[in-house]
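# A look at the structure
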Amino acid sequence: MLLVEATINGTTYYTSMEGHALAHYWDSHIISFDPPQYQLSEFYGGYVRPGFGAVSFSHDLFASEWPPPINIVISIYYTATDEASKEFLFAGVAHLTSISRESIEYEFYSPSYTTTVADLTAFDDTLVNVVTWFCNAARLNLILDSTYSRVVSPDVKFTVSGDQIAINLLSEICAFFTHLFYISDGTLYLIDMLLDAGSATITEFDYFPSEYLYEVPVAIARTANYARTSSYPYGQEVSLATEFIDTEAKITAALDNIIAVMNLAKCNLKMPFIGSIPTPGKKLSWTDTSLGQDTDAYIRARTISYDFENEEVVVEGEGVLTAS
Amino acid sequence: MKLIYPDNISSITADEENANYLAANLEDDHPKKVWKGTSRDAVVTLVASAGGAICIIATNATSVTIVLSVGQSISWDTGISWDTGIAWDSSGDDDTTETTLLSGDIDGVIWSEFAAARTANFTATISLTADAGEIIQAGVVTCGTLRTFVDPIRGIRDGLRDYSIVRELNNGAWYIRKRDVVRTFEFSILEDRETDFYIFMLTTAKALGPSPIAWRILTKNITDSEWIVFCRFDDIMPQGLHEFNDFSQIDIRLLEVL
C-alpha cells in the first residue's frame, strides 16, 4: 500500500491511491503517480539519486485549501500490513504544474543539497573519514551509516580545483572507489559496490518475467595518467576526469574495480510489492527456470523504481548468471 | 424501487468518535472512509430539513434504534431569565417520535422509512450497537426525500467489478493483489411518462449526475437488504425509450462506490 503524507499549509493530509483504513484513513486522493526511483549516478558507483515524476491529486484534497498551494511537502511510505509498519521511501517537495477539470498535477522534487566545497580544499584520509567530513552538520548535515563500506577503506588524497557542489563531488569520489551512497530519512548510507548490503533469496513466486541485459563492455578505463584494459578490446572507453588518490598502485586498483563492476551482467528484476522493499546495495539471488536451462542468478540492487500503480518494483543491478 | 434524493442533512455528530475517523466522514459519500466510535455502541445525531427515509451504509451495527423528534421553539420575554439553579427539562421536548428497531444480520446496511414524510427541520437520533468486542463504525448516513418508482422489470443483471491486480509470475503462477470488488447492476424500469419518468430522469438523474446515492432496487416482493446499495450511475447515464403512448422504459446501469 502506497501511503503519502501531504503537508499543506501546516496541515497533514493522509492520502493513497485506493483508500486505506489504517490508524488514519489514507484517503484515495491520488489519481496517478509516476514511479519514483533511486538512480545510480554511474554504473560503477556514486550517488543513488532519487528521481521523481508527476503526481496527480483529486480536487477533493484541496477542498479546504483552495486554490492549491504552489508547493506542498510530501513523504512517501509503503506498507504491506498496517500503518505502524510503514517503510519510509522518499521525501521531497511537490511543485504545482497544472490545474485541470480532472486533477491537480504536481511535479515532485527531491531535497537539494546546495553546500559547496571551496577551491583548494585538500583531502588526505580514508574514504569513510572523507565521507564523514562531508556529512558534518556544517555541510550536508547527514548521519553516516558506513556498515557496508569497504572493510579497508580506500585512501583518498587530492585537492579540490575550483568551487564544487558538495553532493556532486562526493558522488565522484565514491564512484572512483566503486562505492555508492544513498540518502534516506536524514541518513547517508555508504556501500561498497563489491559487497552485499544485506541479501535475500527469492523464488519464482516472488518476481515477474524479467530481462537480463549485457551492456557494451568496457575495453579500457583511464585517468589522466594511467589506464587499465579488460579482456574485451572491442568495448568502450571509460574516462575519469579526476584521480582521487596519488599513487599508481591505488589508482590502477580503483580502475580494475570499475572495469570488474561494469563488465558484469545486468538484470531488470521486476518484483511485486511483497515484504520488505529492497534498498540499494542489497544482493538478491534466485533461480530462473524459464530460460533455456535452469539458471542461478544474483544482482546487487543499484537503480530501484517503484511503480505503485502496477504494484511493481523494478530492481536494476549487476550480477552473475550461472547454470544451476 | 426506491432511492433517497436529495440528501437534506444539515449537520451530523456522534457522541463518540475516533480522532482519525470523525463523524463528518458519514457525509462524504465514501463508504470506505468510515466514522468510528470508541466502543461497541454510540449515538449519531443528525439534523435534516426534510425527508422520508434514512439509509446507513457500511456499518457493523447489528442493532439500531432511530428516534425522530422536533424540538419546541421557545423565546423569553424581554427581561425574563433563568434563576440560578433552574434548568430546562427537555424530556418532554418531542412533538412526534418514530422508532425503528432492527437487529440481526443486516448486511451492513440500514434502511428506515418514516411513517410520514417530514417537511420541516427534525432531529434523528440513531443509536447503533455492534457485536461485543467490536468498535462501532459506519460509512455513510443519508437522510432525505424518499422517491418511489416501480420495481425493475425481469432480467436484472447483478455483477461485480474487480479492481485487483493480477499478473503472471516467472514460473507461470499468478501474483494476485486483492483490492476492492464492487457490485454492478443493469436493469430497466417501465414508468408512466407523466410524473414518474420525468421525476426520475430530470428531477433525480439530471440533477444528481455522477454522485452516489442510496438505492433500494427491489421493494415490492423482495425486501432483502442485499438490494440496498450505495451506487452511482455507471459511465452511461440513464437512457429513456418512448415506445408507448403513456409509458417509457428507462435503462439504468449502477456501480457501487467505495
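Because the structure is predicted, anything quoted here is derived from the model rather than measured.

Next up on the list: the overall build of chain B. Secondary structure assignment for chain B yields one helix and 19 strands. The dimensions of chain B, computed from C-alpha atoms along their principal axes, are 80 × 60 × 30 Å. Looking at chain B residue by residue over its 258 residues, the buried ones come to 32%.

A few words on the overall build of chain A. Helix and strand content of chain A: three helices and 27 strands. Taken along its principal axes, the extent of the C-alpha atoms in chain A is 65 × 55 × 35 Å. Counting all 324 residues of chain A, 36% fall into the buried class. Put simply, of all contacts in chain A between residues at least 6 apart along the chain, 64% involve residues at least 24 apart.

Most of the time, phi is negative for any residue but glycine, and the peptide bond is trans. With omega at 0°, the peptide bond leading from A:Trp66 into A:Pro67 counts as cis. Following B:Tyr5, the chain continues to B:Pro6 via a peptide bond in cis, the omega torsion being 0°. Within the secondary structure, B:Pro6 is located in strand β1 (residues 2–7). Within the chain, A:Asp185 stands out as a residue other than glycine whose phi angle is a positive 55°. Looking at the element boundaries, A:Asp185 is found in the loop between β17 (179–184) and β18 (187–192). C-beta crowding within 10 Å serves as the criterion here: with 12 such atoms nearby, A:Asp185 is assigned to the exposed category. For B:Thr195, which is not glycine, the phi torsion reads 70° and is therefore positive. Take B:Thr195: it is sitting in helix α1 (residues 193–208). Using a count of 10 C-beta atoms within 10 Å as the deciding quantity, one classes B:Thr195 as exposed.

Residue and element names in this part refer to chain B. What the domain assignment reports for chain B is domain 1 (2–71 + 92–145) and domain 2 (157–256). Domain 1 and domain 2 are separated by 24 Å when their C-alpha centres are compared. Mapped onto the side of domain 1 that touches domain 2, the elements with two or more residues apiece are β1, β5 (51–57) and β11 (140–148). Sort the elements by how many residues they give to the side of domain 1 that touches domain 2 and β1 lands first, with four residues. Class assignment for the residues of the side of domain 1 that touches domain 2 results in ten nonpolar, one polar and three charged.

With that settled, consider the sheet that holds strand β5 (residues 30–33) of chain A. Residue and element names in this part refer to chain A. Strand order in the open sheet formed by seven strands is β2-β1-β9-β10-β11-β8-β5, with antiparallel pairing between adjacent strands. Where the open sheet ends on each side, the last strands, each with one partner, are β2 (11–15) and β5. Taken over all neighbouring pairs, the strand axes of this sheet differ in orientation by 30° on average, direction set aside.

What follows deals with the confidence of the model for chain B. For chain B, the mean per-residue pLDDT works out to 88, and 91% of the residues sit at or above 70. Two numbers describe this predicted complex: its pTM, 0.74, and its ipTM, 0.71.

A common way to express how large an interface is: the accessible area buried when the components associate. Residues and elements named next belong to chain A. Taken domain by domain, chain A comprises domain 1 (2–109), domain 2 (116–192) and domain 3 (199–323). Spacing between the C-alpha centres of domain 1 and domain 3 amounts to 29 Å. Contact with domain 1, which involves 17 residues of that partner, is made by 16 residues of domain 3. Sorting the residues of the side of domain 1 that touches domain 3 by element identifies β5, β6 (37–42) and β10 (87–99) as the ones contributing at least two each.

Below, the discussion takes up the sheet that holds strand β22 (residues 227–229) of chain A. Whether parallel or antiparallel, the strands of a sheet pair through hydrogen bonds between backbone atoms. All names here are of chain A. Taken in spatial order, the three strands line up as β22-β21-β23 in an open sheet, and their pairing is mixed. This sheet does not close on itself; its edge strands, each paired only once, are β22 and β23 (236–239). If you compare each strand with its neighbour and ignore which way they point, the axes differ by 20° on average. In this structure, strand β21 (residues 218–222) lies alongside β22, joined through three bridges in antiparallel fashion. In the sheet register, Ile220 faces β22, and the bridge partner there is Thr229. Sheet strands touched by helix α3 (residues 248–262): β21, β22 and β23. Its angle to β21, the strand with the most contacts, is close to 150°.

Turning to the nonpolar core, a few remarks are in order. Counting 141 residues, the largest nonpolar core has A:Ile173, A:Phe181, B:Val44, B:Cys55, B:Ala124 and B:Val141 as its most contacted members. For this core, the element with the highest residue contribution is helix α2 (residues 166–176) of chain A, accounting for seven residues. The contact partners of A:Ile173, leaving out residues within four places of it in the chain, are A:Val130, A:Val156 and A:Phe244.

The next point concerns the environment of B:Thr148. Among the secondary structure elements, B:Thr148 is positioned in strand β11. In this structure the C-alpha to C-alpha distance between B:Thr148 and B:Ile4, which are 144 residues apart in sequence, comes to 8.9 Å.

Residues and elements named next belong to chain B. For α1, with 16 residues, the first-to-last C-alpha span of 20 Å runs short of the 22 Å given by 1.5 Å per residue. In the structure, α1 departs most strongly from a straight axis at Ile199, where the bend amounts to approximately 40°. Those residues of α1 not exposed but buried are Asp196, Phe197 and Phe200. Its buried side turned inward, α1 meets β15 (181–192), β18 (239–241) and β19 (247–256). Just downstream of α1, Gly209 is the residue with a positive phi angle, here 65°.

As a further point, take helix α1 (residues 127–135) of chain A. All names here are of chain A. Those residues of α1 lying buried are Leu127, Val130, Val131, Phe134 and Cys135. End-on, the buried residues of α1 take up no more than an arc of 140°, which puts them together on one face. Looking at the buried positions of α1, the neighbouring elements they touch are β13 (122–126), β14 (143–148), β15 (155–159), α2, β17 and β18.

Analysis parameters
Residues numbered from 1 in each chain as written. Chains lettered and ligands numbered in written order. Predicted model: local features only at pLDDT ≥ 70, side-chain atom pairs only at ≥ 80, totals over all residues. Helix = DSSP H or I, 4+ residues; strand = E, 2+ residues; numbered from the N terminus. Buried ≥ 20, exposed ≤ 12 C-beta atoms within 10 Å, placed from the backbone. Contact = placed C-beta atoms within 7 Å. Domains from an automatic or database assignment. Nonpolar A, V, L, I, M, F, W, Y, C, P; charged D, E, K, R; others polar. Pairing = 2+ DSSP bridges. Axes fitted to C-alpha atoms, helices over the stretch in contact; angles between N-to-C directions. pLDDT = per-residue confidence, 0-100. Core = buried A, V, L, I, M, F, W, Y, C linked by C-beta atoms within 7 Å. Expected span 1.5 Å × (residues − 1). Bend = angle between axes of the 7 residues up to and from the residue. Arc of directions from axis to C-beta.

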